[in-house]
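# Geometric and topological summary
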Amino acid sequence: MYRQIMVNGESQRYQHVLWRKEMEEEIKEYQLTTVTFGTASAPFLAVRTLIQIAKECEDAEVKRIIEEDFYMDDLLTGADSIEECLQLQQKISRQLERYGFHLRKWCSNSEQVIKSSKADKEFDIIDIDENTNVKTLGLQWKPNEDYFRFKISEYSSEVTTKRLALSYLAKIFDPHGLLTPVIITAKIFIQSLWLLNISWDDTLTEELEKTWKQFVTKISSLQDVHIPRWLNTSSTNKIQILGFADASEKSYAAVVYVKTGKGVALLAAKSKENPIKNKKTLPKLELCAAFLLPRLLRKIVNVVKADLEVYAWSDSTITLAWIENNRSKDKFIRTRVTGIRNLVPEAQWRYVKSKENPADLGSRGESPDKLKGLKLWWSGPEWLSMPEAEWSLAPPEAELLNAEKYLIKGHQIAEWPLELQKLKNELQINHRHKLSTLQPYVDEEGILRVGGRLQYSNLQFDQKHSIIIQKIQTGGLNYPERT
């Protein structure tokens, strides 16, 4: 592709190379007239040239495809019918050939398209048999059955270091996050090595080595995972984009599905670890997950460019309350809630039970050998395929949880009104007060909890930061004003 693009005459003087074939020959100086491999500007110039070709195209559909469906010099596009696909193939090829670009090595999931292309000597065709796989952005596509699969290399090292583990993980290229439950498991393991201050080339301890070997032994099972390429969408279908967010103590995740009719399919996912420095509490991690989801949804909405219905779910009633009513004084919370609202303002947020939230798998991780059979991950909760009116709404458990927290707040206000006020204003309570030994703090919901060094442990949030209550006596509760 680069060698088909002529560099402006005045700029060619900056592209000089010295060359001789043999040591005895005189060195010759050459001036390169086309875009050159290895220069920083080469990728930009190549893409910008394609954009210019698109701008000079009179056919609106061909223009759109050249602008949006190229990845450097690879074209990935499609159509609703074979006839339309063949017409586009002809039009795109002729438009690019006007500028010296000749599309070659055509491949399709339709045998008719391949046969028709073979009859036209303009095109070079990749012959596809039942064992042929075509690499697409690091994935493997089997055209005759039209599914994606992953090629996982074998881990061959007898000993494991942090460098080798990270290098092996980097070889698993998953641009859509389809393997997120497995990848996040490995990322959390790598993060644990950083916490232990292990150097790059130190051999792992026997226990860590065993954990890693168990993981890489099972990871080859990912090659059995087949992901349908076509999502049952077309230019005339009603399309719903459905997103879920969740967090655990160690990471948080967002996962998105596409629904057409009754069919629901996994579209994309993304996860992030809880940072080593500035570790966040679980409520804030849930908010981070809810903020990650709209960023993923925004990318998808921009690509699909159709009349979409967008829905989002979280199993955190705290997060949903923040999104609905952003009055928090905490800048961290306020900034992310604003982002959630602005990124995808059309999204309708709802509550989902934790056991029905597929993002839970992306935040907690899962063993590679179990991923293929996780229906919740690949298709979402069962009710998602039902009409919208039958979708899961906020269950009684959510109301009970809110009621419990309301009672706890009333109890704490009645028992320690002055201490609560001081802590909310980030002031120290009297060191002689019986609460001081618990190093108390007030969480994002206004509930008094135990602080201290347990925050660095691997315990669950409620175990590390227990809610502080006095021996309960009837009467005398000072309930906070409900909003």
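Look a little higher up for the structure.
### Thoughts on the overall build of the chain
For the chain, the count of helices and strands is 16 helices and 15 strands. Structurally, the chain occupies a C-alpha span of about 90 × 65 × 50 Å along its principal axes. Taking all 483 residues of the chain together, the buried fraction comes to 43%. Considering only contacts within the chain whose residues lie at least 6 apart along the sequence, 63% involve residues at least 24 apart. In the form shown here, the chain has an accessible surface area of approximately 28,500 Å², with 51% of it arising from carbon and sulfur atoms. Taken as two groups, the 67 positive and 65 negative side-chain charges of the chain have centres that lie 6 Å from each other.

### What about unusual backbone geometry?
In this structure, asparagine 197 is a non-glycine residue whose phi angle is positive, near 60°. Note on placement: asparagine 197 falls in the loop between helix 6 (180–195) and helix 7 (206–218). Among the residues examined, asparagine 197 registers a relative accessible area of 69% and is labelled exposed. Here the phi dihedral of glutamine 439 falls at roughly 50°; this positive angle occurs in a residue that is not glycine. For glutamine 439, the position within the fold is in the loop between helix 15 (417–424) and strand 14 (441–442).

### A few points about the sheet that holds strand 11 (residues 263–273)
The five strands lie next to each other as 11-10-9-12-13, forming an open sheet whose pairing is mixed. At either margin of the open sheet sits one strand with a lone partner, and together these are strand 11 and strand 13 (348–351). Within this sheet the neighbouring strands show an average axis-to-axis angle of 20°, counted without direction. Sheet strands in contact with helix 6 are strand 10 (251–260) and strand 11, and its direction is about 10° off that of strand 11.

### Description of the packing of helix 2 (residues 60–68) against helix 3 (residues 82–97)
For any two helices packed against each other, the geometry comes down to the angle between their axes and how far apart the axes lie. Relative to each other, helix 2 and helix 3 sit at 70°, their axes nearing to 10 Å. Between helix 2 and helix 3, the angle is such that the two are roughly perpendicular. Contacts from Glu61, Val62, Ile65 and Ile66 in helix 2 reach Leu88, Lys91, Ile92, Gln95 and Leu96 in helix 3. The residue inventory of the contact of helix 2 with helix 3, partitioned by class, reads six nonpolar, one polar and two charged.

### A word on the state of the cysteines
Counted under the stated rule, the structure contains zero disulfides. In this structure cysteine 57 is not part of a disulfide, and its nearest cysteine sulfur, from cysteine 85, lies 17 Å away. Cysteine cysteine 85 remains unbridged, with the sulfur of cysteine 107 as its closest cysteine sulfur at 11 Å.

Here is what the cut-offs are and how they apply
Residues numbered from 1 in each chain as written. Predicted model: local features only at pLDDT ≥ 70, side-chain atom pairs only at ≥ 80, totals over all residues. Heavy atoms only, no water. Helix = DSSP H or I, 4+ residues; strand = E, 2+ residues; numbered from the N terminus. Buried < 20%, exposed > 50% of the residue type's maximum accessible area, 1.4 Å probe, protein only. Contact = heavy atoms within 4.5 Å. Areas by Shrake-Rupley, 256 points an atom, 1.4 Å probe, with all protein chains shown as cover. Lys, Arg positive; Asp, Glu negative; His and termini not counted. Charge placed at Lys NZ, Arg CZ, Asp CG, Glu CD. Pairing = 2+ DSSP bridges. Axes fitted to C-alpha atoms, helices over the stretch in contact; angles between N-to-C directions. Parallel < 35°, antiparallel > 145°, perpendicular 65-115°, else oblique. Nonpolar A, V, L, I, M, F, W, Y, C, P; charged D, E, K, R; others polar. Disulfide = S-S within 2.5 Å.

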